[in-house]
Amino acid sequence: MLKVDHVTKRYGKTLACDDVSFELQDGSVTVLLGPNGAGKSTIMKSIIGFLKYEGKITAGGYPAKSQQARRMLGYIPEMPALYPNLTAEEHMEFLARAYRNKDYKDKMNELFKKFELDDKGKKFGDELSKGMQQKLNICLGLLNDPSILLLDEPMIGLDPHAIKELKNTIEELRAEGKTLLISTHIIDSVDMLWDRTLIMQRGRIRADITREELEADGRTLEELFFDVTEGLDASAMREEEAEE
Ligand code: ADP
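Here's what I pulled together on the structure shown here.

Definitions and limits used
Residues numbered from 1 in each chain as written. Predicted model: local features only at pLDDT ≥ 70, side-chain atom pairs only at ≥ 80, totals over all residues. Heavy atoms only, no water. Buried < 20%, exposed > 50% of the residue type's maximum accessible area, 1.4 Å probe, protein only. Helix = DSSP H or I, 4+ residues; strand = E, 2+ residues; numbered from the N terminus. Pairing = 2+ DSSP bridges. Right-handed = clockwise from strand over helix to strand, strands pointing away. Phe/Tyr/Trp six-rings, centres within 6.5 Å; stacked < 30°, edge-to-face > 60°. Lys NZ or Arg CZ within 6 Å of the ring centre and 35° of its normal.

We now examine the pairing of strand β7 (residues 148-152). Both faces of the sheet carry side chains from a regular strand, because those side chains alternate between them. Of all five residues in β7, five are buried, a share of seventy percent or more. Along β7, one buried face is formed by Ile148, Leu150 and Asp152 and the opposite face, lined by Leu149 and Leu151, is buried too. Two elements, strand β6 (residues 73-76) and β7, share four bridges in a ladder whose sense is parallel. In the sheet register, Leu73 faces β7, and the bridge partner there is Ile148. Note: β7 against strand β8 (residues 179-184), five bridges, orientation parallel. Directly across from Leu151, in β8, lies its bridge partner Ile182. The handedness of the β7 to β8 crossover, carried by helix α6 (residues 160-175), is right-handed.

Inspection of the entire model under this criterion finds three aromatic pairs. Their ring planes at 80° and their centres at 5.5 Å tell us that Phe50 and Tyr75 sit as a pair that is edge-to-face. With a gap of 25 residues between them, Phe50 in the loop between α1 (40-48) and β4 (54-59) and Tyr75 in strand β6 connect regions that are remote in the sequence. Its guanidinium or amino end placed over the ring of Tyr11, Lys9 lies 5.3 Å from that ring's centre, counting from NZ or CZ.

In short, shape yes, function no, at least from these values alone.
See the structure below:
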């Protein structure tokens, strides 16, 4: 289980995450939906240990920054950050070594085939197009078989084939019992199997709803999103914040 407990992150005067708490149950797919600037990337970077923050994050009961937790956690960042002078295969080898994963080659080949990178293994990071870089990012995130995977805006920049493969992969990972947190600002990209949606805006979680609860509620996800971020619910929340 991943537990985010009262996490607050400020960049100077900007309050990017404001007392954020949620738990991800093992084997569930959670969508983190919110407009640009809501704080989605910040919470993901906090979980993966790239940022300092106030509050507590644990994975499987271990502090998120411990070795044990790091082995469980995988991350696919929004912006591909590749080394220009390493090839695609060398990126995979580098990450496999960091995790002392000696038997990574079959998995690498399987992932490269799936994401149509099998003829790009010898290309350097800066020779790959943006879309290919993003696909390599996905392969890197999946290589060491994390049990909790964070995907930050994963569909951005992908071609239709890769989007289809990524959606299939998400369903396969869910069937394998992996825990997934997928951030997006595009409601339409959430037409996949998800168990729960967190709606985030201005650094706070504004709604936390399961698929069953949404079905019982009768609103579509889009209707709920706009009610929470722009509608009556939103103005009530803004008044509450102004009073604080
Ligand atoms: P999202 O992923 O939902 O688009 P972010 O987490 O990237 O949102 O950003 C949340 C807020 O924090 C925004 O106001 C953004 O401008 C600000 N922010 C993000 N990263 C930085 C940074 N490195 N320095 C200063 N402000 C930042």
